[in-house]
Structures are given as C-alpha cells and as structure tokens.
Amino acid sequence: MKGMLSTAVLLMAALGFAAPAMADGPQVLPHLKSHRSQVHNPPASGMLLIGNSSDPYEKINRGIWTFNYDFLDRYALRPVAHGYADYVPSPVRTGIRNFLNNFREVNNVVNNACVANFSDSAVSLGRFAVNSTVGLLGLIDVASYMGMDHHPMGFQTVLGKWHVNNGPYLQVPFTGMTTPRDIVGKVVDNIYPPYSEIGWYWMAAIWAVDGIDSRAARIPQEEMLDTSMDPYISARDFYLQYQERLVVGREGMLEQQQKKDAEDEKNLEGYLDEIDE
C-alpha cells in the first residue's frame, strides 16, 4: 500500500492532478470500459447545456475522457483511492480533509465578500483563526463545534454569480472536467495566501493529497456511472449541474427546471399543432 500511495503521489504531483482550490465540489471519475458498447447517440455537440455551457469539442473530449477514466483512473487513481479509503483510518482522513478545508478559508473570506456575503466572509475569517490555532492548523474543526458553519465559495462560483457564462465544456488530460470559467476561477483561487506564500514542492504535495482524498470521496459515484447508458454525458451533466447549483442554489435549480419543462411543453404543443394542420 505504501508503495502504491507513493507512486500515485508522485504521479499527481508531477501532472498537477488536483490543485487544492479546485476542490469546489465532487467530480465524477468512473471506470467505464465495460459500458462503452452501450453508448447511445449523443445530442448535438453544440447544444446549450446546463449553466449556458456547450460541448462543441465533444469528439475530442470523448477521446481525452477515454484516456483519463478508462486508463488513468482504472490503473492508477482508482486503486489508490480504494486503498486510501480502506487502509487509512477514518479519523486520519477526517483530519486531512479538515486541514485542506482550513487551507481554503482565506479564499472563502475573499470570495464571499466579492458576492456581498459579508456575514459568511466574517464567519470564514473566524473559522480560519480558530482552526489554525486551537484546531492545530485545521486538523480539528473546532470552529464547527462552536457553531461556526463552513461557507465554501470558489472564485468560479463568484464569476457565475456575476453572470459570467461557463463557456464550452472541456476534458483536460490528467485533470478531467472543466470549463473556461472554472479554469479562471481556479487560477485566481491559487493566488490567494497561503498558496502564494509556499513553495512549489509544498503545493505539489497538497495537490497530491487533495487528489487522493477527493477521489476517495467519489467512490460512491462509481456504480452510478458504471451502469449509465452513456457515462460521458452523465458525468458531464452531473459536473455542470453541480457547478450551476453552487451559483444559483437549490431553489434556483428548481426554478430553471420548471422553466425548461414549460418551454418543452410549449414546443411539444406547437409541434402537435403543426401535425394536426
């Protein structure tokens, strides 16, 4: 296990697999080889997707997806993630996750303020102060026990709340799903302290640990995509839905769905009227 974990750490550190500021939420990483023959005809690649995104490069994206998830995930990341979940004690994994979350609290302070969530910004500042001291550099989430809830806010979400569209959906070798808005958000998040104050080797180590921990958290999603008729589209839509929900919230997603349903019904009625004529 130790050798396997070391290999994965070096691999993800060298490739920049998962920067800390990228962990705004879950992404999907399945093994899909056995289901490739079941893929149905995909929708038009230029169609408008969730959050005003599109997939004009679907053919290229699918090729990169095959490498990322049928090869890299199956033979490198998935075994390490399962080993991490199986052999690293739960309290240790919780401490690692707490430490990584605390590392991002400065981002949350600034980004919440950018969208006028000043109370959340103040709470994030308090959480950083408490957990960095009493919580032993964030290993223990003392702030939550004190009633100071976690209010994550990535700059990608800030851009969405500023009405910046996602742009085209992209699959990037070694890093997976993203959009231009997401890329810009991650770049900005990574220039905040303490990221800007530490050396590249510490950043590489944090990327690697965060990548393993985040991948282990996505183990429950494997079966869902493994049984999907088209895992590429399922993963794409899951990712875009999650990013959009961060921007508009649950109520906003329900409102958008209701508008879409009403539009679809209107279009169907129009189509039926044309047939009747």
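Going by the structure above, here's the rest.
The text that follows walks through the structure, step by step, so that each part is easy to find.

Scoring rules and cut-offs
Per chain, the residues get numbers from 1 upward, laid out in the order the sequence is written. Whole-chain, interface and lining totals are the exception, using all residues; otherwise, since this is a predicted model, local features are given only for residues with pLDDT of at least 70 and side-chain atom pairs are given and counted only at 80 or more. Think of the side-chain values as coming from all heavy atoms in the structure, minus any hydrogens and water. Under the DSSP-based scheme used, a helix requires at least four consecutive residues in state H or I and a strand at least two consecutive residues in state E, with every element numbered from the N terminus. Contacts: residue pairs with any heavy atoms within 4.5 Å of one another. Each accessible area value is a Shrake-Rupley result obtained with a 1.4 Å probe; residue values ignore everything except the protein chains displayed when judging cover. Two aromatic rings, drawn from Phe, Tyr or Trp (for Trp, its six-membered ring), form a pair once their centres lie within 6.5 Å of each other, and the interplanar angle then sorts them: stacked below 30 degrees, edge-to-face above 60, tilted otherwise. The buried label goes to any residue with under 20% of its type's maximum accessible area, the exposed label to any with over 50%, and the partly exposed label to all in between, with areas taken from a 1.4 Å probe on protein chains only. Within this analysis, patches are made of residues with over 30% relative accessible area and no salt bridge. Like charges are joined at 9 Å or less; nonpolar side chains (Val, Leu, Ile, Met, Phe, Trp, Tyr) at 5 Å or less. Basic side-chain nitrogens of Lys or Arg form a salt bridge, by our definition, when they fall within 4 Å of a carboxyl oxygen of Asp or Glu. Here, nonpolar core means buried Ala, Val, Leu, Ile, Met, Phe, Trp, Tyr and Cys residues that are tied together by side-chain atoms lying within 4.5 Å of each other. Where helices are involved, their axes are fitted lines through C-alpha atoms of the stretch in contact, as for all axes, and angles between N-to-C directions lie from 0 to 180°. Under this scheme an angle from 65 to 115 degrees is roughly perpendicular, one under 35 degrees roughly parallel, and one over 145 degrees roughly antiparallel; angles in between are oblique. Under the grouping applied here, Gly and all other residues not named as nonpolar or charged are polar, the nonpolar ones being Ala, Val, Leu, Ile, Met, Phe, Trp, Tyr, Cys and Pro and the charged ones Asp, Glu, Lys and Arg. Left-handed describes a crossing whose near helix is turned anticlockwise from the far helix by less than a right angle; the clockwise case is right-handed. By construction, the arc corresponds to the directions joining the helix axis to the C-beta atoms. We call two N or O atoms a polar contact when they sit within 3.5 Å, provided that within protein one can donate a hydrogen and the other can accept it, with sequence-adjacent residues counted only if both atoms are side-chain atoms.

Glancing now at the overall build of the chain. Looking only at helices and strands, the chain has eleven helices and four strands in total. Considering only contacts in the chain between residues 6 or more positions apart, those separated by 24 or more positions represent 74%. As displayed, the chain offers around 14,500 Å² of accessible surface, 63% of which is attributable to carbon and sulfur atoms.

Within a pair of aromatic rings, the relevant descriptors are the distance that separates the centres and the angle that separates the planes. Considering all chains together, one arrives at twelve aromatic pairs under this definition. Between Trp65 and Tyr232 the ring centres are 5.9 Å apart and the planes differ by 90°, which places this aromatic pair in the edge-to-face class. Of this pair, Trp65 sits in helix α2 (residues 58–87) while Tyr232 sits in helix α11 (residues 231–276), and the two are 167 residues apart along the sequence. For Trp65, a relative accessible area of 0% corresponds to the buried category. Aromatic pair Phe155 and Trp162: ring centres 5.8 Å apart, planes at 90°, arrangement edge-to-face.

Together, Leu136, Leu139, Ile140 and Tyr145 make up an exposed nonpolar region whose accessible area comes to about 460 Å². In this fold, Ile140 is placed in the loop between α5 (118–133) and α6 (142–145). The partly exposed category is assigned to Ile140, whose relative accessible area is 40%.

Counting eleven residues, the largest nonpolar core is built from Leu49, Trp65, Tyr69, Tyr169, Met177, Leu225, Tyr232, Ile233, Ala235, Tyr239 and Leu240. Mapped by element, the contributors of at least two residues to this core are α2 and α11. Broken down by element, the residue count for this core peaks at five residues, all from α11.

Counting buried residues along helix α4 (residues 105–114), seven of its ten residues qualify, which places the element largely inside the surrounding structure. Glu105, Val106, Asn107, Asn108, Val109, Asn111 and Asn112 are the residues of α4 that are buried. Ala116 lies just past α4 and shows a positive phi near 65°.

A word on the environment of Gly185. When you line up the elements, Gly185 lands in helix α8 (residues 180–189). Classification of Gly185 as buried rests on a relative accessible area of 0%. In this structure the C-alpha to C-alpha distance between Gly185 and Phe155, which are 30 residues apart in sequence, comes to 4.6 Å.

Once that is clear, we can look at the pattern of salt bridges. What the rule picks out here adds up to 14 salt bridges. When salt bridges with common partners are traced through the structure, they connect Asp73, Arg78, Arg215, Glu222 and Asp226 into a single cluster.

Running from N to C, α2 and helix α9 (residues 200–217) point in directions that differ by 85°, and their axes come no closer than 8 Å. In terms of axis orientation, α2 runs roughly perpendicular to α9. Each of Asp73, Leu77, Arg78, Val80, Ala81, Tyr84 and Ala85 in α2 lies in contact with α9, whose residues at this interface are Ile212, Asp213, Arg215 and Ala216. For the contact of α2 with α9, the residue count by class is seven nonpolar, no polar and four charged.

Right, let's get into the packing of helix α3 (residues 90–103) against α9. The contact between α3 and α9 brings their axes to 11 Å, and the two run at 125°. Taken together, the axes of α3 and α9 are oblique relative to one another. Taken as a pair, α3 and α9 cross one another with a handedness that is left-handed. Contact with α3, carried on its side by Arg93, Ile96, Arg97, Leu100 and Phe103, involves Ile206, Val209, Asp210, Asp213 and Ser214 of α9 and no other residues of that element. Here the contact of α3 with α9 is composed, by residue class, of five nonpolar, one polar and four charged.

What follows concerns α8. Within the span of α8, buried status applies to Arg181, Asp182, Gly185, Lys186, Val188 and Asp189. Seen along its axis, α8 keeps its buried residues to an arc of 160°; they face one direction.

All right, on to the side chain of Thr178 then. By the secondary structure assignment, Thr178 is in strand β4 (residues 176–178). The buried category is assigned to Thr178, whose relative accessible area is 5%. A polar side-chain atom of Thr178 sits 3.3 Å from a polar atom in the side chain of Asp182.

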